[in-house]
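Listed below are the residues making up each chain.
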Amino acid sequence: MTLAPDDVRAPGTLATRLSAPEPGWVARADIVVVGSGIAGLTTALKARRAGTVLLVTKTVLDAGSTRWAQGGIAAALGPEDTPEQHLTDTLVAGAGLCDEEAVRVLVTEGPALVRELIDIGANFDLDNAGDLALTREGGHLRRRIAHAGGDATGAEIERALICAVRATPGVEIIEHALVLDLLKSADGHACGVTLHVIGEGRRDGVGAALGRAVVLATGGLGQVFASTTNPPVATGDGVALALRAGAEVTDMEFVQFHPTVLWLGPGAAGQQPLISEAVRGEGAVLVDVEGNRFMLGQHPLAELAPRYVVAQAIVRQLRLTGADHVLLDARSIPDFATRFPTITASCRAHGIDPLTQPIPVAPGAHHASGGVRTDLVGRTNVPGLFACGEAACTGVHGANRLASNSLLEGLVFAARIGAELARELPPPREPADVDEAAALLPASAQIAVQSAMTTGAGVLRSGESLRAAAAALAAVRPDESASCVETWEATNLHTVASALVAGASLRAETRGCHWREDHPEPADAWVGHVVTTMNSAGTLSSAFQPVAGR
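In this numbering scheme, every chain counts its residues from 1 along its sequence in written order. The model is predicted, so local features are restricted to residues of pLDDT at least 70 and side-chain atom pairs to those at 80 or more, both for listing and for counting; the totals for chains, interfaces and linings are taken over all residues. No hydrogens and no water enter the side-chain calculation; it runs on all heavy atoms of the structure.

**Q** Which parts of the structure should I look at to understand a negative patch on the surface?
**A** Within the patch definition used here, like charges are joined within 9 Å and nonpolar side chains (Val, Leu, Ile, Met, Phe, Trp, Tyr) within 5 Å, considering only residues with over 30% relative accessible area and no salt bridge. Areas reported here follow the Shrake-Rupley algorithm with a probe of radius 1.4 Å; residue values treat only the protein chains shown as occluding. One side-chain nitrogen of Lys or Arg within 4 Å of one carboxyl oxygen of Asp or Glu is enough to make a salt bridge. Positive charges are assigned to Lys and Arg, negative charges to Asp and Glu, while His and the chain termini are left out of the count. Where a charge lies is defined by one atom per residue type, namely NZ (Lys), CZ (Arg), CG (Asp) and CD (Glu). Together, Glu22, Asp433, Asp435 and Glu436 make up a region of like negative charge exposed at the surface. In this structure, Asp433 sits in the loop between helix H10 (405-423) and helix H11 (445-456). Exposure classes here rest on a 1.4 Å probe applied to the protein chains alone. A residue is buried below 20% of its type maximum, exposed above 50%, and partly exposed in between. On the basis of relative accessible area, Asp433 is assigned to the exposed category, the value being 79%. Helix numbers and strand numbers start at the N terminus; a helix is a DSSP run of H or I with at least 4 residues, a strand a run of E with at least 2.

**Q** Would you mind going over the state of the cysteines with me for this structure?
**A** Any covalent bond linking the sulfur atoms of two cysteines counts as a disulfide. Note on disulfides: each one is a pair of cysteine sulfur atoms within 2.5 Å. Under the defined criterion, the tally for this structure stands at zero disulfides. Of the cysteine sulfurs around Cys393, a residue in no disulfide, the closest is that of Cys98, at 9.9 Å. Cys393 gets classed as buried once you look at its relative accessible area, which sits at 6%.

**Q** Explain the pairing of strand E10 (residues 190-197) to me, please; I cannot follow it from the model alone.
**A** Successive side chains on a regular strand alternate, one facing one side of the sheet and the next facing the other. Most of E10 is tucked away: eight of the eight residues are buried. Note: two strands are recorded as paired if DSSP finds a minimum of 2 bridges between them. In this sheet, E10 lies alongside strand E9 (residues 177-184) in antiparallel orientation, the contact comprising six bridges. Paired with Leu178 across the strands is His196, a residue of E10. Taking the residues that link successive antiparallel strands as the turn, the E9-E10 hairpin has five residues, and the phi of Gly188 there is positive, at about 85°.

**Q** What should I look at first to understand the packing of helix H1 (residues 38-47) against helix H4 (residues 153-166) in this one?
**A** Packed helix pairs are characterised by how far apart their axes lie and by the angle those axes make with each other. An axis is simply a line fitted to the C-alpha atoms; with a helix, the fit covers only the stretch in contact. Between two such axes, the angle follows the N-to-C directions and lies from 0 to 180 degrees. H4 packs onto H1 with a crossing angle of 30° between their chain directions and a minimal axis gap of 10 Å. Considering their axes alone, H1 and H4 lie roughly parallel with respect to each other. Taken as a pair, H1 and H4 cross one another with a handedness that is left-handed. Note on element contacts: H4 touches H1 through Ile157, Glu158, Leu161, Ile162, Ala164 and Val165, opposite Ile38, Leu41, Thr42 and Leu45. Here the contact of H1 with H4 is composed, by residue class, of eight nonpolar, one polar and one charged. Relative orientations are named as follows: roughly parallel for angles under 35 degrees, roughly antiparallel for angles over 145 degrees, roughly perpendicular for angles from 65 to 115 degrees, and oblique for any other angle. Note on convention: near helix rotated counterclockwise from far helix by under a right angle means a left-handed crossing. Clockwise means right-handed. Any two residues having at least one pair of non-hydrogen atoms within 4.5 Å are treated as being in contact. Residue polarity follows a fixed list, in which Ala, Val, Leu, Ile, Met, Phe, Trp, Tyr, Cys and Pro are nonpolar, Asp, Glu, Lys and Arg are charged, and the others, Gly among them, are polar.

**Q** Help me understand the packing of aromatic side chains in this model?
**A** Here a ring pair, both rings aromatic, is described through the centre-centre distance and the interplanar angle of the planes. Any Phe, Tyr or Trp ring, taking Trp's six-membered ring, that has another such ring centre within 6.5 Å forms a pair; planes under 30 degrees apart are called stacked, those over 60 apart edge-to-face, and the others tilted. By the definition in use, this model includes three aromatic pairs. The interplanar angle of 75° and the centroid separation of 5.2 Å between the aromatic rings of Phe225 and Phe257 together place this pair among those described as edge-to-face. Linking Phe225 in the loop between strand E12 (213-216) and strand E13 (227-228) with Phe257 in strand E15 (residues 255-262), this pair joins segments that are 32 residues apart in sequence. Of the two residues, Phe225 and Phe257, both sit in the buried class. Between Phe336 and Phe340, the aromatic rings sit 5.1 Å apart at their centres with planes inclined by 45°, giving tilted as the arrangement.

**Q** Which parts of the structure should I look at to understand the sheet that holds strand E3 (residues 31-34)?
**A** One open sheet holds the five strands; their spatial order is E8-E4-E3-E12-E21, and the pairing between them is parallel. The open sheet is flanked by strand E8 (171-174) and strand E21 (385-387), the only strands paired with a single partner. Along the sheet, successive strands turn relative to each other by an average axial angle of 20°, direction set aside. Pairing of E3 with strand E4 (residues 53-56), which is carried by four bridges, proceeds in the parallel orientation. Bridge assignment links Val34 to a residue of E4, and that residue is Val56. Contacting E3, E12 and E21, H10 crosses the sheet at an angle of about 155° to E21.

In structure tokens:
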């Protein structure tokens, strides 16, 4: 089944290229990697075996989502755990849509790669016996979450990887570089990107980074919503670029809303502090504003149910009580401030002492399970273009990501891309002339996009709300705004929001973190994936592809 271009849910014509000045400088390497989280940094290290690497990143190396990951990285590292058990938990959390082969790759190759992180200097927390200290999070039946600094795992992994990349000859780094569009050769092969650099000297302004292969590791798209745990740089740049370049994106409707984001009051917007699922793993419980513990009876794992179960239960409880938040009671956790120093500091900065007070929380946009469609070695349908990390859809998350599998996914599939490039690096190509019409939305479009998406495509959706969101997105039109970071980001956000709404409109069921009020149950007919593409005229088309054999 296909979503027709003229359907009310379609967002209208989108920009097929970002309006920007012609490149004023050129940089060359064998491989261009865009992004510097765990996926981009790992790709840079592993791809170095294939040739020289140019690593470009939007602001500074450690500004992406990886550094904000609190809970940890999941892998079967404990003596009683096995990859098979990790596989089972991941498949259950994914609500019937995980690619089992991709999950098997994740859980079998993950443990050795986590140990490689330790080898390059990542300092994970240890127990009294000197072994890795492992905790539990939602959906895991074993303690398999390795953590660092209590609740600063991402920051420690990022630190270790940055040190390793900086010490690796043949890797050049360009910071403050916003990627714009993919460059393709006359035969349609990816051979570089255009980007805008805020710098000094010969690499300032718009330039071109040319390579024999391009790897997108640009992170998520949380800024399409008014409230998110994602940093300001998470504007979906890589997914938007891929769509404009002809790549397939899939499962965009599956955006995970983390159940426990620190509630800062009505109207709070932008990046919100996360209260890690590991807090519930250590014994914290959820209660409503009247003190009732509402997760009991909702799921056998109660507060440690998969995230979408907990987030949806919170929304139901908010409807029941009329409140705008619930409470996470962590007062029973011994040495809370030592185990969770980052969360303690964040709460206290907002006037809450988690040692003596329940923490006010509400769901917030957290992770995109969908993204640029890839195979098991990171290849997209555009020759020479690879993707990994949150920008990619490898198939491991299905309809809902299992807690702490995101860092592992970035690590495992980045390593696989590096191995694939070392096995076969495409020959050099030169970019062809581009004749597509370019366009930009005004910077103010970001607010319009966030309002439409938060109201119409948030935790709870319906056909009516999604039609309203699509209409609001279609009403945002290009103008004569000057090329700048704000207009480029607004245009990217509008593109990925439009793809998300198209996918969510088409999937007429509730599954995982896609909750349709008008279709409240999962349906066997929808066991498959919504694949979205953009044609040369800038029109999105979404089609449902059933899982093979159904």
